[in-house]
Amino acid sequence: MVLTTRYFGELEINDDQVIHFERGIPGFENVKRFILIDSDEEGSPFKWMQGVDEPKPAFVIVDPFFIRKDYEFRLDDEVVSELGIRSNSDVSVFCIVVVPDDISKMTVNLQAPVVINCVNRKGRQVVLDTDKYGVRHYIMEELRRQEDKANAGTDKEKGPDHNHK
């Protein structure tokens with residue numbers, strides 16, 4: 001089938017690429033089918049989640065574990081049943097990114113991950129019942145924190161063991 005999109009023009013897609021969201025996405029409940037589109041930039045952690053039923057919803061998404069290595073949550077039994085999840089390996093998790101004009105202010109919604117069963121192509125955006133994650137988590141700040149943690153205790157010029165002779 002040919003899909004007309006807002007950002008990618010016309011795309012030829014197969015039915016096996018379509019992910020079905022029984023409830024839609026909050027704010028776009030009438031759009032029940034989406035496809036994932038990889039970024040043109042090699043090695044980019046970002047993808048697009050493009051609506052099939054209408055061209056308007058196209059979300060930038062990212063694997064939340066790229067942003068927060070310690071990201072974790074539990075799905076309740078209702079979601080597991082609705083998505084037909086049998087194993088953790090069946091699941092991919094993404095979070096929606098907001099990219100403003102000033103890219104350094106890019107945020108990710110870690111409070112409401114998009115959970116996709118890759119086996120049966122069912123998906124749902126789940127709102128987590130926790131205050132551990134926010135809806136506007138600044139990506140660049142988090143990546144800087146990760147880099148700082150990784151470099152903690154090292155001296156760039158002398159290397160990690162400069163205090164031990």
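Residues numbered from 1 in each chain as written. Predicted model: local features only at pLDDT ≥ 70, side-chain atom pairs only at ≥ 80, totals over all residues. Heavy atoms only, no water.

Our focus in this paragraph is the pairing of strand β7 (residues 91-98). The pairing of strand β6 (residues 58-62) with β7 spans three bridges and is classified as antiparallel. Bridge pairing in β7 places valine 60 opposite valine 97. Judged from the four bridges that link them, β7 and strand β9 (residues 114-117) form a sheet pairing that is antiparallel. By the bridge assignment, phenylalanine 94 is partnered in β9 with valine 114. Here two bridges tie β7 to strand β8 (residues 107-108), and the two strands are oriented antiparallel to one another. Within β8, the position partnered with valine 98 by the bridge is threonine 107. (Pairing = 2+ DSSP bridges. Helix = DSSP H or I, 4+ residues; strand = E, 2+ residues; numbered from the N terminus.)

Before going further, it helps to examine the packing of aromatic side chains. Centre distance and the angle of the planes are the two values used to describe a pair of aromatic rings. The final tally for this structure, using the stated rule, is eight aromatic pairs. Summarising the aromatic geometry, the rings of phenylalanine 65 and tyrosine 71 are spaced 5.6 Å apart at their centres and angled 75° between planes, so their arrangement reads as edge-to-face. Judged by its relative accessible area of 3%, tyrosine 71 falls in the buried class. Aromatic ring contacts, followed pair by pair, group Phe21, Phe28, Phe34 and Phe59 into a single cluster. (Phe/Tyr/Trp six-rings, centres within 6.5 Å; stacked < 30°, edge-to-face > 60°. Buried < 20%, exposed > 50% of the residue type's maximum accessible area, 1.4 Å probe, protein only.)

As a further point, take the state of the cysteines. By the definition in use, this model includes zero disulfides. Between cysteine 95, a cysteine without a disulfide, and cysteine 118, which holds the nearest cysteine sulfur, the sulfur-to-sulfur distance is 15 Å. (Disulfide = S-S within 2.5 Å.)

Take the pattern of salt bridges next. Enumeration over the complete set of coordinates arrives at nine salt bridges. The salt bridge partner of aspartate 38 is lysine 47, with a shortest N-O separation of 2.4 Å. (Salt bridge = Lys/Arg side-chain N within 4 Å of Asp/Glu carboxyl O.)

Once that is clear, we can look at the pairing of strand β10 (residues 122-125). Bridge count for β9 against β10 is four bridges, and the pairing is antiparallel. By the bridge assignment, isoleucine 116 is partnered in β10 with glycine 123. Here β9 folds back onto β10 in antiparallel fashion, the turn holding four residues, of which arginine 121 has a positive phi close to 60°.

Before going further, it helps to examine the environment of asparagine 30. As for its placement among the helices and strands, asparagine 30 is situated in the loop between β3 (19-20) and β4 (33-38). Of the residues examined, asparagine 30 reaches a relative accessible area of 53% and is grouped as exposed. Beyond its immediate chain neighbours, meaning those up to four positions away, asparagine 30 contacts Asp53 and Glu54. (Contact = heavy atoms within 4.5 Å.)

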